[in-house]
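Descriptive analysis of the structure
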Amino acid sequence: MLTRLATLACLFTAPSLALQVANDECAGAQLVWGGVHQISNIGATLSAPDWPSCGCSHGSVAGADVWFRYVATGAGRVDFLSCGWDTMMQIFTGDCGALVGNGCIDDCALCFGGSAGLAIVTPGDVVLIRITGFGGSMGSGTLTVIDTPAGPLGNPVCESTPNSTGVQGIMRIFGQETAAQNDVTLIAGNLPSNALSMMLTSRTQTQTVFAGGSAGHLCLGGDIARFASQVGLSQMGEFRHTIELTSIPEPPNFATAVVAGETWTFQCWHRDTGPAGPTSNFTGAASVPFL
């Protein structure tokens, strides 16, 4: 009976010993793209090449690591942010047989012990990302990929005031200026961390100083469209939104289509903290004359 029980135990336990993490090695790197991806190094092993010091004054010990692969579809900057447990990150270019290290990052203040890296890419470039737990730790979390498209479009038309970071928030616009292409992404930069943010747009430009009791200047007038359904938190000092040009939430119909010959101005509102406590502010504004 004992022999039979032992045999049955092997039948049920042996398969688990053969389980492997698919992206444990560079050759099996998991494909990632712009957005948030679930990650874990539980069950993984330490891979080559050796980890560098990651710039830690207290030293760093790498443990089980996992690999990710990003393929650039456009030119610009790509940011990688891991959150969930104390991690280290290394960025590579090249292929698995000839890796070129582009830096190793340990603690990232944006994720309380997570890590962050970036790469400047052109279309077709491959970036390999390796993530490990600090001190050999195991854990699960997220990898956020923020890819900034080439551009920008439009022109700055109005300034606001510095926010709590000490500089003025900026508005950048990327995509196509042809309205029929319906390809426009708004990126607000120089924002405070984790600031509640919302994009605004109008066909009318003006400037209202300290609008609505805020600490900044509203550069829009007339019927102001508020992208209230896409309110979110800034990440790594940025807040972005890809807009639907066929359905701008402009009052009174809240479904206005942008057409050739129109100029629309875009701005971002965000929460902030001032000397007297909680407040709000605006980025500068930029306009696009659509074709």
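Rules behind the numbers
All chains use their own residue numbering, which begins from 1 and follows the written sequence. Two thresholds apply to this predicted model, a pLDDT of at least 70 for residue-level local features and 80 or more for giving and counting side-chain atom pairs, whereas whole-chain, interface and lining totals are computed over all residues. No hydrogens and no water enter the side-chain calculation; it runs on all heavy atoms of the structure. For two strands to count as paired, DSSP must find a minimum of two bridges between them. Per the convention used, a helix needs a DSSP run of H or I reaching at least four residues, while a strand needs a run of E reaching at least two, with both numbered from the N terminus. Interaxial angle, 0 to 180 degrees, is taken between N-to-C directions of lines fitted to C-alpha atoms, where a helix line uses only the stretch in contact. By disulfide we mean two sulfur atoms from cysteines, separated by a distance within 2.5 Å. Summary of the burial criterion: residues with accessible area below 20% of their type's maximum are buried, those above 50% are exposed, and those between are partly exposed, where the area comes from a 1.4 Å probe applied to protein chains only. Aromatic rings from Phe, Tyr and Trp, with only the six-membered ring used for Trp, were paired whenever their centres fell within 6.5 Å, and each pair was classed as stacked if the ring planes differed by under 30 degrees, edge-to-face if by over 60, and tilted otherwise. Contacts described as polar in this section are N or O atom pairs within 3.5 Å, which, within protein, must combine one atom able to donate a hydrogen with one able to accept it, while residues neighboring in sequence count only if both atoms come from side chains. Exposure above 30% relative accessible area and no salt bridge define the residues that can form patches, which grow by joining like charges within 9 Å and nonpolar side chains of Val, Leu, Ile, Met, Phe, Trp and Tyr within 5 Å. Surface accessibility in these figures is a Shrake-Rupley result with a 1.4 Å probe; residues are shielded only by whichever protein chains are displayed. Throughout this description, the term salt bridge denotes a Lys or Arg side-chain nitrogen within 4 Å of a carboxyl oxygen of Asp or Glu.

Some details on the sheet that holds strand 5 (residues 87-93)
If you trace the five strands from one edge of the open sheet to the other, you get 1-3-8-5-6, paired in mixed fashion. Two strands bound the open sheet, and with one partner strand each, they are strand 1 (30-32) and strand 6 (100-105). Averaged over neighbouring strand pairs, the angle between their axes works out to 25° when direction is ignored. In this sheet, strand 6 lies alongside strand 5 in antiparallel orientation, the contact comprising four bridges. Among the inter-strand pairings, Phe92 is bridged to a residue of strand 6, identified as Gly101.

Describing the state of the cysteines
Under the definition given, this model contains two disulfides. The partner cysteine of Cys26 in its disulfide is Cys96, sulfur to sulfur 2.0 Å. Judged by the sign of its S-S torsion, about -85°, the cystine formed by Cys26 and Cys96 is left-handed. Taken together, the positions of Cys26 in the loop between helix 1 (2-18) and strand 1 and Cys96 in the loop between strand 5 and strand 6 put the pair 70 residues apart, joining distant regions of the chain. Taking the relative accessible area as the measure of exposure, Cys26 reaches 9% and is therefore buried.

Digging into the packing of aromatic side chains
Overall, the coordinates contain two aromatic pairs when judged by the stated rule. Measuring from ring centre to ring centre gives 5.4 Å for Trp67 and Phe92, while their planes differ by 25°; the resulting arrangement is stacked. A residue pair is termed long-range when its members are at least 10 positions apart, and Trp67 in strand 3 (residues 65-71) and Phe92 in strand 5 qualify at 25 residues. Both residues of the pair, Trp67 and Phe92, belong to the buried class. Considering the side-chain rings of Tyr70 and Phe80, the 5.8 Å spacing of their centres and the 80° angle between planes classify their relative orientation as edge-to-face. Taken together, the positions of Tyr70 in strand 3 and Phe80 in strand 4 (residues 76-83) put the pair ten residues apart, joining distant regions of the chain. As far as burial versus exposure is concerned, Tyr70 and Phe80 are alike and both buried.

Observations regarding the environment of Ser214
Examined against the element boundaries, Ser214 turns out to sit in the loop between strand 14 (204-208) and strand 15 (218-221). Using a relative accessible area of 6% as the deciding quantity, one classes Ser214 as buried. Of note is the side chain of Ser214, whose polar atom sits 3.1 Å from the backbone oxygen of Gly216.

Overview of the sheet that holds strand 11 (residues 170-175)
Taken in spatial order, the three strands of this open sheet run 11-12-18, and their pairing is antiparallel. The two strands at the open ends of the sheet, each matched to only one other strand, are strand 11 and strand 18 (239-243). Geometrically, the sheet is characterised by an average inter-axis angle of 20° between neighbouring strands, direction not taken into account. Relative to strand 18, strand 12 (residues 184-189) runs antiparallel, the two sharing five bridges. Counterpart to Leu186 in the pairing with strand 18 is His241.

Side note on a nonpolar patch on the surface
A cluster of nonpolar side chains, contributed by Leu31, Trp33 and Val71, occupies part of the molecular surface with about 290 Å² of accessible area. Within the fold, Trp33 resides in the loop between strand 1 and strand 2 (35-40).

Quick word on unusual backbone geometry
The step from Ala48 to Pro49 runs through a cis peptide bond, and the omega angle for that step is 0°. The residue Pro49 is located in the loop between strand 2 and strand 3 in this model. For the peptide bond that leads from Pro251 to Pro252, omega is 10°, which places it in the cis range. Structurally, the position occupied by Pro252 is in the loop between strand 18 and strand 19 (263-274). Positive phi values are uncommon outside glycine, yet Phe210 reaches one of about 50°.

Focus on the pattern of salt bridges
The final tally for this structure, using the stated rule, is six salt bridges. Between Glu238 and Arg172 there is a salt bridge; the shortest N-O distance is 2.7 Å. Note that Glu238 is positioned in the loop between strand 17 (232-233) and strand 18 and Arg172 in strand 11, a separation of 66 residues in sequence. You can call Glu238 buried: its relative accessible area is 18%. Sharing partners across several salt bridges, the network here consists of Arg172, Glu238 and Arg240.

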